[in-house]
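Structural features, examined
The residues making up each chain are set out below.
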Amino acid sequence: MRQSQLFTKTKKEAPSDEVSKNAELLIRGGFIHKEMAGVYSYLPLGLRVIKNIENIIREEMNAIDGQEITMTALQEKETWEPTDQWSDEKIDVWFKTKLKNETELGLAVTHEAPVTKIMKSFIQSYRDLPKFVYQFQTKFRNEARAKSGIMRCREFEMKDLYSFCKDEQEHNEFYEKSKVAYQNIFKRTGIGHITYLTFASGGMFSKYSHEFQTITGAGEDTIYLDEVKGIAINKEVNNVETLSLLGLDKDKLVEKRAVEVGNIFTLGTRFSDALNLKYQTETGELKSVFMGSYGIGPGRLMGTVVEALADDKGIIWPESIAPFKVHLLVLGDDEAVSTEANKIYESLVKNNIEVLFDDRKEVSAGEKFADADLLGIPYRTVVSTRSMKDLSAGAGGGIELKKRTEEKGKIVSLDELINLLVTRT
RNA sequence: CGGGCUGUAGUAUACCGGUAGUACAAGCGCUUUGGGAGCGUUUAGACUGGGUUCGAUUCCCAGCAGCCCGACCA
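On a predicted model such as this, the values are computed, not experimentally measured, just so you know. (Residues numbered from 1 in each chain as written. Chains lettered and ligands numbered in written order. Predicted model: local features only at pLDDT ≥ 70, side-chain atom pairs only at ≥ 80, totals over all residues.)

**Section: the overall build of chain A**
Operational definition: Numbered from the N terminus, helices here are DSSP runs of H or I no shorter than four residues, and strands are runs of E no shorter than two. Partly exposed residues are those falling between the two cut-offs: more than 12 but fewer than 20 other C-beta atoms within 10 Å of their own, whereas 20 or more means buried and 12 or fewer means exposed, with C-beta atoms placed from the backbone. Think of it this way: build a C-beta for each residue from its backbone, and any pair within 7 Å is a contact.
What chain A contains, in helices and strands, is 12 helices and 21 strands. Overall, the C-alpha framework of chain A stretches about 80 × 60 × 45 Å when taken along its three principal axes. Residue burial in chain A is summarised as follows: out of 425 residues, 41% are buried. Taking the intrachain contacts of chain A between residues at least 6 apart in sequence as the baseline, contacts between residues at least 24 apart amount to 70%.

Here it is, written out as structure tokens:
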């Protein structure tokens with residue numbers, strides 16, 4: 001895409017009401033737009049990142065036999081009454097509204113009950129199990145306090161998967177597979193090395209749930225990490241019982257600030273009991289389906305990547321989720337240079353390489369460099385009279401290539417560039 | 001939900017109980033082009049509602065909005 005056509009612009013300064021690094025950089029770069037506290041729109045660059053994150057999650061969910069659906073954001077009161085989750089005392093973050101005829105509706109806080117109702121239409125026999133369904137959907141939570149930029153929003157997208165199994169054993173097998181899938185997701189999105197499986201309270205359903213916590217100074221959670229074993233426990237289960245159960249030594253735990261980027265829960269039969277989701281066993285007896293739920297917020301993941309990986313100049317996107325693979329800058333207004341840059345741009349496009357072409361006229365070199373650093377595209381290429389010196393000498397150069405994470409670049413030819421970028425996709 | 005802080009051009013800020021200033025952005029002209037360049041010029045602003053006052057953007061009250069700390073986060 002040509003940057004001159006992009007409707008968003010970068011800002012030199014962040015709005016004074018944004019303190020968190022993720023929102024500051026994402027707003028300055030034009031990735032997101034703040035609508036109100038805890039509610040953000042995603043602009044072209046930001047949406048590209050979100051879509052990349054979604055695709056990675058989608059691939060990993062499909063790999064463990066997840067089937068994608070989309071449920072509704074409008075939910076009826078009757079759906080949540082059997083589990084006693086409609087009242088504001090039980091769930092205090094509901095956004096509620098009404099039909100013209102006064103029928104009460106809720107805006108989706110989560111989807112356990114609706115998905116259970118859907119599955120009732122299709123699960124009758126042990127032969128129908130196990131099944132795994134997931135969606136990417138907007139969740140609405142009337143948080144008392146939205147905070148930390150896009151990390152804790154009142155409206156946000158979530159990937160939620162729900163598992164339906166015959167019994168606890170079948171559930172546990174899937175649960176373990178989901179852990180691996182989640183770890184793959186965090187590895188592939190560039191935060192695997194700082195993201196830890198963390199034991200947390202299981203609430204009323206089971207002894208533990210598991211969170212995936214990414215270490216960053218900006219985190220809102222405190223976890224206790226065994227760096228050798230690579231597992232952590234949440235503050236709420238930091239007790240003697242848990243420590244001995246997990247074989248952890250209190251003295252070897254390090255306190256860290258972290259962001260919860262994912263969580264997985266064993267639900268058991270709470271929802272299937274309440275909503276009467278039962279199946280017939282081989283011997284004809286009726287049993288409740290054993291359930292689990294598994295969440296990841298793509299927006300929060302995006303914010304976490306920014307928090308964890310950015311430097312003082314701007315964002316650093318991992319290649320896997322970057323809005324573009326390569327940023328092509330043309331400097332100066334020399335006609336031969338701009339002709340060459342256009343040629344390079346067309347070649348990259350033809351080779352299906354995602355390229356952002358900074359073809360803006362009358363923007364100084366310094367500004368283009370600063371923008372490139374801020375936007376954080378993994379590879380920066382520059383075409384200028386300087387870079388083209390080698391080309392005119394027949395040395396096959398013409399393009400200066402530099403990684404966002406490196407200080408110095410090198411001169412490469414168009415073929416070399418294409419080879420490098422194509423093999424990486 | 002408790003506590004604290006803050007609302008001034010698109011953005012960031014300054015001063016002030018008496019004609020609201022600066023920088024960036026934006027428009028125009030010229031110069032510039034390897035790290036947010038320069039000169040000139042133009043456009044553009046006091047959250048809302050009450051009160052005090054001769055006069056309020058400034059002081060007071062309320063509302064609305066935002067940020068931070070805490071609580072909460074099934």
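**Description of helix α1 (residues 21–28)**
Across the 8 residues of α1, 7 count as buried, placing the element largely inside the fold. Turning to α1, its buried residues number three or more, namely Lys21, Asn22, Ala23, Leu25, Leu26, Ile27 and Arg28. Buried residues along α1 sit in contact with β1 (32–36), α2 (44–63), α8 (298–309) and α10 (365–375). Looking one or two residues past α1, Gly30 carries a phi angle of roughly 80 degrees, positive in sign.

**Considering the packing of α2 against helix α5 (residues 168–188)**
Each pair of packed helices can be described by the angle between their axes along with the distance between the axes. Convention followed: For every element, the axis is a line fit to its C-alpha atoms; helices are fit only across the contacting stretch, and the angle between N-to-C directions ranges from 0 to 180 degrees. To sort the angles, those under 35 degrees are grouped as roughly parallel, those over 145 as roughly antiparallel, those from 65 to 115 as roughly perpendicular, and the leftovers as oblique. With the far helix as reference, a near helix turned anticlockwise by less than a right angle produces a left-handed crossing, and one turned clockwise produces a right-handed crossing. Asp, Glu, Lys and Arg are counted as charged, while Ala, Val, Leu, Ile, Met, Phe, Trp, Tyr, Cys and Pro are counted as nonpolar; the rest, among them Gly, fall into the polar class.
The N-to-C vectors of α2 and α5 enclose an angle of 155 degrees; their axes lie 9 Å apart at closest approach. By the angle between their directions, the pair α2 and α5 is classed as roughly antiparallel. When you trace α2 past α5, the crossing you get is right-handed. Across the interface between the two elements, Ile56, Ile57, Glu60, Met61 and Ala63 of α2 pack against Ala181, Asn184, Ile185 and Arg188 of α5. For the contact of α2 with α5, the class distribution of residues is 6 nonpolar, 1 polar and 2 charged.

**Side note on α2**
Selection criterion: A helix is expected to reach a length of 1.5 Å times the quantity of its residues less one.
In this model, α2 (20 residues) spans 28 Å end to end at C-alpha, consistent with the 28 Å of a helix rising 1.5 Å per residue. Along α2, the residues classified as buried are Leu45, Gly46, Val49, Ile50, Asn52, Ile53, Ile56, Ile57, Glu60 and Met61. Immediately beyond the C-terminal end of α2, within one or two residues, lies Asp65, with a positive phi of roughly 70 degrees.

**Description of the sheet that holds strand β20 (residues 399–403)**
This is how the line gets drawn: Pairing between two strands requires that DSSP report at least two bridges joining them.
Overall, mixed pairing links the 5 strands, which are arranged β18-β17-β19-β20-β21 in an open sheet. Only two strands of the sheet have a single partner each, and these edge strands are β18 (355–358) and β21 (410–412). Averaged over all neighbouring strand pairs, the angle between strand axes comes to 30 degrees, with direction disregarded. Across 3 bridges, the pairing between β20 and β21 is antiparallel. Residue pairing in the sheet places Leu401 in a bridge with Lys410 of β21. With respect to the sheet, α10 is in contact with β17 (326–330), β18 and β19 (379–383), its orientation differing from that of β17 by roughly 175 degrees.

**As for the domain arrangement of chain A**
As a reminder, the rule being used: Boundaries of every domain are those given by an automatic assignment or by a domain database.
Domain parsing of chain A yields domain 1 (21–309) and domain 2 (326–423). A C-alpha centroid distance of 41 Å is found between domain 1 and domain 2.

**As for the sheet that holds strand β4 (residues 74–76)**
Pairing in this open sheet of 3 strands is antiparallel, and the strands run β4-β6-β5 from one edge to the other. Looking along the sheet, the strands with just one partner apiece sit at the ends: β4 and β5 (95–98). Across this sheet, the average inter-strand angle for adjacent strands is 40 degrees, counted without regard to direction. Taken together, the 3 bridges between β4 and strand β6 (residues 104–107) define a ladder with antiparallel strand orientation. Note that in β6 the partner of Gln75 across the bridge is Gly106.

**Here's the deal with the nonpolar core**
Which entries qualify depends on this criterion: Note on terminology: a nonpolar core is a set of buried residues of type Ala, Val, Leu, Ile, Met, Phe, Trp, Tyr or Cys, with members joined through C-beta atoms within 7 Å.
Counting residues in each nonpolar core, the largest one holds 103 residues, and the members touching the most others are Val326, Val355 and Ile377. The dominant element in this core, judged by the number of residues it contributes, is α2, at 7 residues. Residue assignment places this core across two domains, with domain 1 (21–309) and domain 2 (326–423) each supplying three or more. In contact with Ile377, other than residues within four places in its own chain, are Trp317, Ala322, Pro323, Phe324, Val326, His327, Leu356, Ala372 and Arg404.

**Some points on the protein's contact with RNA strand B**
For clarity, the cut-off: By definition, a residue lies near a molecule or strand when the C-beta atom built from its backbone is within 6 Å of it.
The full set close to RNA strand B counts 41 residues, and Asp17, Ala37, Ala144, Ala365 and Gly366 are the nearest of them. Per-element accounting of the surface near RNA strand B gives the leading share, 8 residues, to α10. Looking at side-chain class alone, the surface near RNA strand B contains 15 nonpolar, 12 polar and 14 charged residues.

**Some remarks on the confidence of the model for chain A**
Stated precisely, the cut-off is as follows: What pLDDT reports is the predictor's confidence in each residue, on a scale of 0 through 100.
Looking at chain A, pLDDT values average 93 and 98% of them are 70 or higher. Per the prediction output, this complex has pTM 0.96; the corresponding ipTM is 0.93.

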